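Observations on the three-dimensional arrangement
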Amino acid sequence: MVRGSNPLRPVKIYLFFEETAFVEHPLRFLNLEDLLVILVMKRTLCLKSPKEEGEKVRKLLVKLNLLDVSVKIERNKDHLFFPLLKKPNSQEMNKIGEIKGAEICFKTFKTPIRKPKGFIESLENEISFEKLSSLPHSFDIVGDIAIMEIPPEFSSSEKELIGNAILETHKNIHTVLAKFSKIGEANDVFRTRKFEHLAGEKKTTTVHKEFGCQYKIDLSKVYFSSRLSNEHNRVASQVKQGETIIDMFAGVGPFSILIGKKVDKVVIYSIDINSDAISCLKENVLINKVEKQVIPIHGDVRKIIPDSLAGLANRVIMDLPKSSIEFVDVACLAIKPEGGVIHYYCFSQEPSPEEKAIREITSTVEFFGRNVVKVLECRKVKTVAPFTYQIVVDTLIE
Ligand SMILES: C[S@@+](CC[C@H](N)C(=O)[O-])C[C@H]1O[C@@H](n2cnc3c(N)ncnc32)[C@H](O)[C@@H]1O
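Residue numbers here run from 1 along each chain, matching the order of that chain's written sequence. Per-residue local features are limited, in this predicted model, to residues with pLDDT of at least 70; the limit for side-chain atom pairs, both in listing and counting, is 80 or more; totals at the level of whole chains, interfaces and linings are taken over all residues.

**Considering the overall build of the protein chain**
For the protein chain, the count of helices and strands is eleven helices and 19 strands. Exposed residues have 12 or fewer other C-beta atoms within 10 Å of their own C-beta, buried residues have 20 or more, and residues in between are partly exposed; the C-beta atoms are placed from the backbone. A buried classification covers 33% of the 398 residues belonging to the protein chain. In the protein chain, the share of contacts with a sequence separation of at least 24, taken over all contacts with a separation of at least 6, comes to 63%. In DSSP terms, a helix is any run of H or I states spanning at least four residues, a strand is any run of E spanning at least two, and both are numbered starting from the N terminus. A pair of residues counts as a contact when their C-beta atoms, built from backbone coordinates, are separated by no more than 7 Å.

**Focus: the site of the ligand**
As a rule, any residue with its backbone-derived C-beta atom within 6 Å of a molecule or strand is reported as near that molecule or strand. Contacts to the ligand come from 21 residues, most closely from F249, G251, I273, N274 and D319. Three residue categories are used. Nonpolar comprises Ala, Val, Leu, Ile, Met, Phe, Trp, Tyr, Cys and Pro, charged comprises Asp, Glu, Lys and Arg, and polar comprises the others, including Gly. Here the residues of the shell around the ligand are counted per class, giving 14 nonpolar, two polar and five charged. Residue contributions to the shell around the ligand reach at least three from each of two domains, namely domain 2 (121-203) and domain 3 (224-397). In this entry, domain limits derive from an automatic or database-based domain assignment.

**Regarding the pairing of strand β5 (residues 79-83)**
Strand residues, when the strand is regular, have side chains that alternate between the two faces of the sheet. Most of β5 is tucked away: four of the five residues are buried. In this description, strands pair whenever DSSP reports at least two bridges between them. Summarising the sheet, strand β3 (residues 41-50) and β5 pair through five bridges and their orientation is antiparallel. The residue bridging K48 from the neighbouring strand is F81, located in β5. Bridge count between strand β4 (residues 74-75) and β5: two bridges; the pairing is antiparallel.

**Details of the pairing of strand β14 (residues 267-272)**
Among the six residues in β14, five count as buried, and that is most of the element. Note on handedness: a clockwise path from strand one over the helix to strand two, with the strands aimed away from the viewer, defines a right-handed crossover. In this fold, strand β13 (residues 244-247) hands off to helix α7 (residues 254-262), which returns the chain to β14; that crossover is right-handed. Note that the unit made of β14, helix α8 (residues 275-287) and strand β15 (residues 294-298) has a crossover that is right-handed.

**So, the packing of helix α6 (residues 229-236) against α7**
The N-to-C vectors of α6 and α7 enclose an angle of 45°; their axes lie 9 Å apart at closest approach. With respect to α7, the element α6 is oriented oblique. Classified by chirality, the crossing of α7 by α6 is right-handed. Taken together, the residues of α7 that come into contact with α6 (itself represented by H232, N233, V235 and A236) are P254, F255, L258, I259 and K262. Residue classes in the contact of α6 with α7 are distributed as six nonpolar, two polar and one charged. Axis lines are fitted through C-alpha atoms, for helices just across the contact stretch, and the angle between N-to-C directions can take any value from 0 to 180 degrees. When an angle is under 35 degrees it counts as roughly parallel; over 145 it counts as roughly antiparallel; between 65 and 115 it counts as roughly perpendicular; any other value is oblique. For a crossing to be left-handed, the near helix must be turned anticlockwise from the far one by less than a right angle; the clockwise case is right-handed.

**Re the sheet that holds β5**
Here we have four strands laid out as an open sheet, ordered β4-β5-β3-β6, and antiparallel in their pairing. In the strand order of this sheet, the two ends are held by β4 and β6 (103-110), each with one partner. Strand direction decides the pairing type here: β3 and β6, joined by eight bridges, are antiparallel. Following the sheet pairing, R43 is matched in β6 by T108.

**Some points on unusual backbone geometry**
Here the residue pair E350 and P351 is connected by a cis peptide bond, since its omega of 0° sits within 30 degrees of zero. Following the sequence through the fold, P351 ends up in the loop between β17 (340-349) and α11 (353-367). In the Ramachandran plot, F387 falls in the positive-phi region, its phi being about 65° despite a non-glycine side chain. For F387, a count of 11 C-beta atoms within 10 Å translates into the label exposed.

**Quick look at the nonpolar core**
One nonpolar core equals one set of buried Ala, Val, Leu, Ile, Met, Phe, Trp, Tyr and Cys residues connected by C-beta atoms within 7 Å. Core analysis: the largest hydrophobic core is formed by 80 residues, its most contacted members being M248, V316, M318, A331 and A334. Lining this core are residues from two domains, each supplying at least three of them: domain 2 (121-203) and domain 3 (224-397). Core analysis: the second largest hydrophobic core is formed by 13 residues, L67, L80, F82 and L84 among them.

**Brief notes about the confidence of the model for the protein chain**
Do not read the predicted coordinates in detail wherever pLDDT is low. For the protein chain, the mean per-residue pLDDT works out to 89, and 88% of the residues sit at or above 70. Here residues 1-30 is a poorly scored stretch, pLDDT under 50, and it has 43 contacts once near neighbours within four places are set aside; other chains count. By definition, pLDDT measures how confident the predictor is in each residue, and it falls between 0 and 100.

**Regarding α11**
For a helix, the expected span equals 1.5 Å multiplied by the residue count minus one. Taking 1.5 Å per residue as the helical rise, α11 with its 15 residues ought to reach 21 Å, and the 21 Å between its terminal C-alpha atoms agrees with that figure. At its buried positions, α11 is contacted by α10 (328-334), β17, β18 (372-385) and β19 (388-397). Once α11 finishes, G369 follows within two positions and takes phi at roughly 85°, a positive value.

**Points about the sheet that holds β15**
Read across the sheet, seven strands follow the order β15-β14-β13-β16-β17-β19-β18 without closing on themselves; strand pairing throughout is mixed. If you trace the sheet from one side to the other, it starts and ends with β15 and β18, each paired once. Sheet twist, expressed as the mean angle between neighbouring strand axes with direction ignored, is 15°. Here α8 sits on the sheet in contact with β14 and β15, set at roughly 160° to β15.

**Examining helix α5 (residues 156-169)**
Helix length check: α5, at 14 residues, gives a terminal C-alpha distance of 20 Å against a target of 20 Å (1.5 Å per residue), a fit within 8%. On its buried side, α5 packs onto β8 (145-148), β9 (175-179) and β10 (195-200).

**So, the environment of E210**
Its place among the elements puts E210 in strand β11 (residues 205-210). Of the residues examined, E210 has 19 C-beta atoms within 10 Å and is grouped as partly exposed. Distance in space between the C-alpha atoms of E210 and L258 is 8.7 Å, their sequence separation being 48 residues.

**Focus on the environment of F81**
Here F81 lies in strand β5. Separated by 35 residues in sequence, F81 and C46 have C-alpha atoms that sit 6.1 Å apart. Among all residues touching F81, those that are not within four sequence positions of it are C46, K48, I73, E74, R75 and K107.

This is how it looks when you write it as structure tokens:
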């Protein structure tokens, strides 16, 4: 029974077998695979019948409501074994007795491991089918906080049910919030939104883990999206030793800190106008031990870059999709005279959202006296509304 070399912690577990006493089993020498094999065995009462009578027996057991459908019917060369939910009463036994060769016995069955219920499934008896079908089946997770988007037709008590269902089905979630406004409706410059508490601990602060980094985030005060994690990693993976980077709209630091973690000989100026974002960023710099690489700066890029960072950057990150275009002059000023890379983020609509984004950044860079030598990459980052996307354009400029 003991396979592999991955022993579990020395704990005891009680294995329950129907119709038998429970067994105390020391897990010290078992690995997870063994444990699952043990747990999925179920000794239960069954009806054994000759193969030829199988269909008749199955129909009868279904009719009598005796068949245990959580367990698979088993067979050997001549017989079928039907797991039973309970011992048949005398009337039921009379009917069973009419089947030639059928007899009651005990057997150990393999039971399928049931997938844990999702939160939607666990709400099926609480909220109408029509309403449930309008509820998104997924939610964002930031640290131990789940963030749901709930359509307006749901009542407060239904929202609470949804929150509790998420808590029950996701043990790593301790708070459930619902989006209460669009991004930017709490503070347009800071790009924050309002939330409504649905269930669990009443808090908006958490620690989110992404690509080996940890970020302290207060969702009520700063912008953060866990949907951008691949984008943070994509940009960080391009950075080479010796670069100077300006993260113009740094937030709590998911680009800057990951770059600092990946590359030791870099300097990253991480600017944000939101003092709460900079407070989180400063803590995150310490938590992730990137004090040597990341320099948090509180203020407006329109003032900070011309005053102290002009002509310094090999790479500029412009993650303010709603209004990056208004800061392209500052980004051009930040790039070294010999050139560098701008990661330009914007929102763009069908048709041809990528082409529009490329045209927009290219013409604006040229308007401010620099040239786009090459578009290194252009891609959709995420969908933000029907036919509307967040787009990134990586441009090499001189
Ligand atoms: C969309 S968030 C991006 C945050 C971060 N890059 C991330 O991935 O989580 C944009 C950030 O830009 C900041 N911001 C807006 N205008 C600014 C300005 N003029 N100067 C500096 N930061 C600004 C906001 O406070 C906000 O934190």
